[in-house]
Amino acid sequence: MTEECETPCPSVALITVVDNSGVTRVKTVPVHRLPRVAEVGVGLSDVSAVMAVDDGITASPGYDTPSGDMRLIPDLDAAVDLHRSRLRWVPATMVDQELVPKPNCGRSILQRAVEAAAKAGITAEFAFESEFTVSDLETGEPIHRGPGYSPIALFAAEEFSIDLVEAFEAQGMNVEQFHPEYADGQFEVSIRHSDPVAAADAVVLLRLTVHRMARRHGLRVSFSPRPHREIVVGNGCHLHCSLWQDGTNLFGSETDGLGAAGGAAVAGILDHLLGIQAVLTPSVPSFERITPQHWAGAYTCWGIENREAAVRVIRGTVSGRPGAANIEIKTIDASANPYLTVAVILHAALDGIGRGLTPPEPISVDPHSLDEDARTARGIVRLPADLDEAIEAMDADGLVRTVFGDQQYGAFRAVRRYELETFGSLPREDQIEAHRWRY
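My aim in this report is to walk through the structure given alongside it, one point at a time.

Cut-off values and rules
Residues numbered from 1 in each chain as written. Predicted model: local features only at pLDDT ≥ 70, side-chain atom pairs only at ≥ 80, totals over all residues. Heavy atoms only, no water. Core = buried A, V, L, I, M, F, W, Y, C linked by side-chain atoms within 4.5 Å. Buried < 20%, exposed > 50% of the residue type's maximum accessible area, 1.4 Å probe, protein only. Contact = heavy atoms within 4.5 Å. Helix = DSSP H or I, 4+ residues; strand = E, 2+ residues; numbered from the N terminus. Expected span 1.5 Å × (residues − 1). Phe/Tyr/Trp six-rings, centres within 6.5 Å; stacked < 30°, edge-to-face > 60°. Lys NZ or Arg CZ within 6 Å of the ring centre and 35° of its normal. Salt bridge = Lys/Arg side-chain N within 4 Å of Asp/Glu carboxyl O. Pairing = 2+ DSSP bridges.

What about the nonpolar core?
Then step 1. Grouped together as the largest cluster of nonpolar side chains are 101 residues, with contacts concentrated most on Phe132, Phe160, Leu243 and Phe404.
Then step 2. Excluding residues that lie within four positions of it along the chain, Leu243 makes contacts with Ile122, Thr123, Ala124, Thr248, Asn249, Leu250, Phe251, Ala265, Leu346, Ala349 and Ile353.
Then step 3. Residues Val17, Val29, Val90 and Ala92 belong to the second largest nonpolar core, which totals 15 residues.

Listed below in structure tokens is the structure:
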């Protein structure tokens, strides 16, 4: 007997992966086939590892012929029925025909990072804050013109906002907060923290849900870091992190917000920040957003509750300490693959702990307000100004290659170079337009 559903029973499964361009790709199968597909997978070309944001295909060693096959294995334990829909969403692992994870599988790379943390006696929790711009479906104009954070802006998208939050909750995504943001048409949603893989899965599901609910309301959404030329403030995807060892929050010191190991983790992230920026902000328009005095963390520094610092230490209210303490990495946007993003951040933190690094002094002012000599004295460096600089810094640093392995590093770098060569010389307005609706 078929179990009756109060809401429409899902009949089609969306099996998703995120590629090296940061775009979510999908295969669909009938829901009744999912158990079998979980055993044998569904096929996807190997060259998807070198597919770019415009769907152009480049090449790198291992991904330079039409031969080869990968299989997408859905994680049935992570499946979610989409709210008021006949769709079921399932994240997938990329494997070969021997069921061995493919080098470009971001979910597997992240799982290895979790295992590396466990060997060091550390567990991690992550959560993304996602910003996105809501526009009219026909005109592309922002749905509100502010004021930022105001009920006036919220009422401009009232029904969409309510339906969206209800969808998140129905899908088991614990909403911490939702509100109109600073820029025209901009909103932000924060989802409760979870383990690293679940946190990356959650932000993929969040983006699917936002796009789907927007369409139902005659709206269109962009997660692009710079969706409009005339709107200077872009969309970020800030990442919150807490690390735990023997039941202790490493960022929960009552004195400076950091214990010794927590300080080493922050120092590791800062030490590698230039070198991982091509993972955190991998698109050409990403660097339109990473500008000083826009709360995007344009300099390699940390501070307690300093929103201009790349790494912000959040102590939380006294009633929640020390468990609620965490750090926020502000330099990320939604053109980044969330699995790769969490993996490199976690490895950078582990490297700092493993080397026993000591962080520089926290900064409580806008680093851009300091003169260059003062910043140099404090070891504060401007993040890469464009994708070319970010790729060079990634090559020089070496952490990303170590985390990814040579084949995946080559594929990831090839996509970055393709996108730089395709879009880097275009006029700014053309760069922005080419990416606006891709994320």
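Here we look at unusual backbone geometry
Then step 1. A cis geometry characterises the amide bond from Gly146 onward to Pro147, with omega recorded as 0 degrees.
Then step 2. Tracing the chain through its elements places Pro147 in the loop between strand E7 (123-136) and helix H3 (151-155).
Then step 3. Residues other than glycine seldom take positive phi values, yet Tyr149 does so here, at roughly 65 degrees.
Then step 4. Among the structural elements, Tyr149 can be located in the loop between E7 and H3.
Then step 5. Classification of Tyr149 by relative accessible area gives partly exposed; the value is 44%.
Then step 6. One non-glycine residue, Asp246, lies in positive phi territory at about 55 degrees.
Then step 7. Take Asp246: its relative accessible area is 78%, and that puts it in the exposed class.

A look at helix H6 (residues 260-280)
Then step 1. Taking 1.5 Å per residue, 21 residues should reach 30 Å; H6 reaches only 26 Å between its end C-alpha atoms and comes up short.
Then step 2. Across the 21 residues of H6, 17 count as buried, placing the element largely inside the fold.

Some thoughts on the packing of aromatic side chains
Then step 1. Applying the stated criterion across every chain yields a total of five aromatic pairs.
Then step 2. Between Phe132 and Phe223, the aromatic rings sit 5.3 Å apart at their centres with planes inclined by 45 degrees, giving tilted as the arrangement. One end of the pair, Phe132, is in strand E7; the other, Phe223, is in the loop between strand E10 (219-222) and strand E11 (237-245), with 91 residues separating them in the sequence. The exposure classification of Phe132 matches that of Phe223, with both residues buried.
Then step 3. The structure contains a cluster of three or more aromatic residues connected by ring pairs, namely Phe132, Phe178, Phe187 and Phe223.
Then step 4. Lying across the ring of Trp437, Arg220 places its NZ or CZ 4.2 Å from the centre.
Then step 5. We note Arg416 situated over the ring of Phe412; from NZ or CZ to the ring centre the distance is 4.7 Å.

Observations concerning the pattern of salt bridges
Then step 1. Enumeration according to the criterion identifies 26 salt bridges in this entry.
Then step 2. Across the pair Lys330 and Glu328 runs a salt bridge, and its minimum N-O distance is 3.6 Å. Grouping residues by exposure puts Lys330 and Glu328 together as buried.
Then step 3. Between Arg416 and Glu419 there is a salt bridge whose closest N-O contact spans 3.2 Å. Within this pair, Arg416 and its partner Glu419 are both found in helix H12 (residues 406-423), separated by three residues, close to a single helical turn. Of the two residues examined, Arg416 and Glu419, each falls in the buried class.
Then step 4. One network of salt bridges, with partners in common, ties together Asp19, Arg25, Asp55 and Arg438.

Focus: the pairing of strand E1 (residues 12-18)
Then step 1. Most of E1 sits inside the fold, with six of its seven residues counted as buried.
Then step 2. Pairing analysis gives five bridges linking E1 to strand E6 (residues 87-95), with the strands arranged parallel. Looking at E6, one finds that Val12 is bridged to Leu87.
Then step 3. As paired elements, E1 and strand E2 (residues 24-30) share seven bridges and run antiparallel to each other. Considered in E2, the bridge of Thr16 is made with Val26.

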